[in-house]
Amino acid sequence: MTRLVIEAVPALKDNYVWLAREPGAGVTAVVDPAEPGPVVAALERHGWRLDVILNTHHHGDHVGGNRALKEKYGCKIVGPAADRERIPLIDQAVAEGERVALGDQQAEVFDIPGHTRGHIAYWFAASEALFCGDTIFSLGCGRLFEGDPKTMWHSIGKLRRLPDATRVFCAHEYTQSNARFALTVDPDNPALRARVAEVDRLRAAGQSTVPSLLGVEKAANPFLRADDPVLARNVGLAGADAVAVFGEVRGRKDRF
Ligand code: ZN
Ligand code: FE
């Protein structure tokens, strides 16, 4: 079993495009190409061709490279079935429970609407890698552009069930500003404080905070902890259900 080799390609202002290479079969995917230039440069540096684009959702900073990369490489484009008409040049529309092969490695697809109506995640179990676009960020979550708190909390619940050792390859370096907010709603959480210290150290050294570990996010990310009574109490909603707490925390973040 050859695990995926995964590399960040920084793009636009704060996007991470992910190159995922299955070295046994020699096939390469790119997740959410924000723009073509840096992706082509990274591929050429390695001497790799591009075989497939995996899109998580339709936003321009995730599909902006589709057209140019397909023209150059003739790669296949995979994206969410629920949003197929908004994914440029999509070839294969996938939904919950379907699998996408990359050489020897397989991704399971989850439907995780909330940020957008047709957002999906790709979970490569054998590589302990989750590509979740703009749904979970380290210490944060995506804005609810096309969904409500109930929808997003349910989507996050699907991802939260994955193993703690899962590496969370989200699409943005938002961690440090997420950390500042998270401390306002969960100030006494030791897991959060430890993660914030690590994030500040990494950023001071000019390093990426992504991927993070799902086990860390489960303990430290307030958007994965809306069913924790401590968090509910901290936002003045003791005894309320998780959806109400999640909605309150998301609303505070929007105004932060
Ligand atoms: Zn987005
Ligand atoms: Fe984005």
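Going by the structure above, here's the rest.
Note that the coordinates shown come from a computational prediction; the quantities given were computed from them, not determined experimentally.

Ideal geometry at a metal gives 109.5 degrees between four tetrahedral donors and either 90 or 180 degrees between six octahedral ones. The protein atoms that coordinate the iron ion (ligand 2) are Asp61 (OD), His62 (NE2), Asp134 (OD) and His172 (NE2), at distances of 2.1 to 2.3 Å. Classification of the site at the iron ion (ligand 2) rests on its four donor atoms, whose angles at the metal span 84 to 165 degrees, yielding the label irregular. Ordering the donors of the iron ion (ligand 2) by residue number gives the pattern D-H-x71-D-x37-H. The distance between the iron ion (ligand 2) and the zinc ion (ligand 1) is 3.3 Å, with aspartate 134 acting as a donor to both metals. Here the residue histidine 62 occupies a position in helix α2 (residues 60-63), and histidine 172 occupies one in the loop between β13 (167-170) and α5 (175-185), the gap between them amounting to 110 residues. Comparing histidine 62 with histidine 172 shows no difference in burial state: the two are buried.

Taken together, His57 (NE2), His59 (ND1), His115 (NE2) and Asp134 (OD) make up the full set of protein donors to the zinc ion (ligand 1), lying 2.2 to 2.3 Å away. Taken together, the four donor atoms coordinating the zinc ion (ligand 1) span angles of 87 to 169 degrees at the metal, a pattern that classifies the geometry as irregular. We note that the donor set of the zinc ion (ligand 1) lies within a single chain, spaced as H-x1-H-x55-H-x18-D.

Quick look at the sheet that holds strand β9 (residues 120-124) now. Across the sheet, which stays open at both edges, the six strands sit in the order β7-β8-β9-β10-β13-β14 with mixed pairing between neighbours. Among the strands making up the open sheet, the edge pair consists of β7 (99-102) and β14 (212-213). Packing of helix α4 (residues 149-160) onto the sheet brings it into contact with β8 (105-111), β9 and β10 (129-133), and relative to β8 it is tilted by some 155 degrees.

Procedures and definitions
- Residues numbered from 1 in each chain as written.
- Chains lettered and ligands numbered in written order.
- Predicted model: local features only at pLDDT ≥ 70, side-chain atom pairs only at ≥ 80, totals over all residues.
- Heavy atoms only, no water.
- Donors = N, O, S within 2.8 Å, 3.2 Å for Na, K, Ca; no water.
- Tetrahedral: all angles 85-135°; square planar, octahedral: opposite > 155°, others 65-115°.
- Helix = DSSP H or I, 4+ residues; strand = E, 2+ residues; numbered from the N terminus.
- Buried < 20%, exposed > 50% of the residue type's maximum accessible area, 1.4 Å probe, protein only.
- Pairing = 2+ DSSP bridges.
- Contact = heavy atoms within 4.5 Å.
- Axes fitted to C-alpha atoms, helices over the stretch in contact; angles between N-to-C directions.

Any functional reading would require information that these geometric values do not contain.
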